[in-house]
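# An overview of the molecular structure
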Amino acid sequence: MHPQLAADLAALPDLLDATRKLASGVLEGLPDRAAAIPPPEPSFAPLPISGGGTRLALEEFARRWEPGFAGSAGPRYLGFVTGGATPASLAGDWLTGTLDQNPANGVDSTASDLERETVGWLAEMFGLGGEFSGAFVTGATMSTVTGLAIGREWLGERLGVSVADDGVAALGPVRVLSGSAHSSISKALSLLGIGRSALRKVPTLPGREAVDVAALAEELEAGPAIVVANAGTVNTVDFDDLRAIAALKERYDFWLHVDAAFGGFAALSPEHAALVAGLDLADSVVIDLHKWLNVPYDSGVQFTRRRDLQLSVFRNSAAYLGEIGENPDFMHLTPENSRRLRALAAWFSLVAYGRDGHQEIVERCVELARSLGARLSASPGWRLLAPVRLNVVCFTLAEDPTQERVDAVVRRLAEDGTVFVTPTVYDGIPALRAAFSNWRTTAEDVERVFAALEES
Ligand SMILES: Cc1ncc(COP(=O)(O)O)c(C=O)c1O
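Predicted model only: the values in this text are computed from it and were never measured.

Rules and cut-offs
Residues numbered from 1 in each chain as written. Predicted model: local features only at pLDDT ≥ 70, side-chain atom pairs only at ≥ 80, totals over all residues. Heavy atoms only, no water. Pairing = 2+ DSSP bridges. Helix = DSSP H or I, 4+ residues; strand = E, 2+ residues; numbered from the N terminus. Axes fitted to C-alpha atoms, helices over the stretch in contact; angles between N-to-C directions. Polar contact = N/O pair within 3.5 Å; in protein donor to acceptor, adjacent residues only side chain to side chain. Contact = heavy atoms within 4.5 Å. Buried < 20%, exposed > 50% of the residue type's maximum accessible area, 1.4 Å probe, protein only. Near = heavy atom within 4 Å. Areas by Shrake-Rupley, 256 points an atom, 1.4 Å probe, with all protein chains shown as cover. Nonpolar A, V, L, I, M, F, W, Y, C, P; charged D, E, K, R; others polar.

### Re the sheet that holds strand β7 (residues 300-304)
- Strand order in the open sheet formed by seven strands is β1-β7-β6-β5-β4-β2-β3, and the pairing between neighbours is mixed. Edge positions in the sheet fall to β1 (133-137) and β3 (199-201), since each of these pairs with one other strand and no more. Strand-to-strand twist in this sheet, taken as the mean axis angle between neighbours without regard to direction, amounts to 20°.

Below you can see the structure in the form of structure tokens.
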């Protein structure tokens, strides 16, 4: 054994303790850590040749890198849609690395069954019945890749071809219909060989990002298609009418993929659950967990009701891997084979806080978003671009909201560090988004965020 490895093995308990101290210090400082730290020009060190052991790695990390890391797990990081890590999920994540299980197959460990238990709990939380099977992936984008790959296979089934065997060319042109698709849909279509130009934007309702269901019906006259319904758009958190879309199945043939990456969490709150009514009528569903479940990156889940087609796409047969049985191993269900036991962090958080604890996070975030929205609309400097439907406030400068002026605000806020928000363009207007999805955020943070915005 390399002497440094042997020394680290002998000192492992002390090294873990030193790591824990570093982590505790970071966590203690998180509420006041700068939300964003604009990175300077990087200066890369040469490859270490003999290595200095874990203690040196800790010192080097603490000196060279950790100070430049953003407070993205903290309470005032409102950029993109970003969750933090609940205490229990962090504990689960540490143990994920410690036990280093590979849930790709289920022959040597109970780890895959822990994933099945977790997926079952999540399905129940989101109102998906026993006809759905689920699997962990890295996040919403890979969940979409998986769901659309199954949809692609479904289109092949309609035409009597197997895309999995014969390739996407066997399918001919594909139409993917959506009102306000997230950018990850185009990326998935590119990756799947369907092509970005297969995505047809269907008109939305006036002043809304929700699809016009009548316009969608017209598009479906042209024959089988994939419909991507959006349950929580990234700018204004608008929701397609999932029940009305699913009802079109009586007249038209289509695969219904629902991107409920963060909007799906509305299901946890009785006040907002109606927004996702009909989620259980989808053929494939995207739920991100590193957003509103507040587990560490990376974690998302993919649900589908057509596990048979999923298996056609993702099966990974080899003599040394054994037969694919009634209850297929996870390596046959998603793009990855070997991977970490992502489910453990979610499992910990669900055991620790239950459905109610996660409902409280969702409802608090919505309350805080509304409160910031109310302050901004009462202020002469700002203008809301959409009502606060759930957890995102989409707003802009009341006067002259040019791209340049909005970018300058984002830059000043990032330099100040109190809050991090991300820019967008909504309805042609340069704007800002403040997305509340962190379990730590409180009313006091909203005060600080609003004060920072007013000063920017
Ligand atoms: C609606 C929606 N879909 C998909 C994604 C992509 O998520 P990820 O970056 O976790 O893959 C996002 C990210 O914000 C999103 O908001």
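Moving on, there is more to tell.
### Notes on the side chain of Thr422
- Looking at where Thr422 falls in the secondary structure, it is placed in strand β10 (residues 422-426).
- Here the side chain of Thr422 touches Phe80 through a polar contact of 2.9 Å, landing on its backbone nitrogen.
- Not counting chain neighbours up to four residues away, the residues in contact with Thr422 comprise Gly79, Phe80, Ala431, Leu432 and Arg433.

### Digging into unusual backbone geometry
- Each neighbour pair has its own omega, and for Tyr297 with Asp298 the value is -5°, a cis peptide bond.
- You can see Asp298 is positioned in the loop between β6 (284-288) and β7.
- If you check the backbone angles, Val237 has positive phi at about 50° while not being a glycine.
- Following the sequence through the fold, Val237 ends up in the loop between β4 (225-230) and α10 (242-247).
- Residue Val237 is classed as buried on the basis of its relative accessible area, which comes to 0%.

### Side note on the site of the ligand
- Around the ligand sit Ala140, Thr141, His182, Ser184, Gly232, Val234, Asp259, Ala261, Phe262, Asp288, His290 and Lys291, and those are all the residues in its vicinity.
- One of the side-chain nitrogen or oxygen atoms of His290 is found 2.7 Å away from an oxygen atom of the ligand.
- In the model, an oxygen atom of the ligand is placed 2.9 Å from a nitrogen or oxygen of the Lys291 side chain.
- Computed on the free molecule, the ligand has an accessible area of 400 Å², of which 81% lies beneath the protein chains in the complex.
- The class makeup of the residues in the shell around the ligand is four nonpolar, five polar and three charged.

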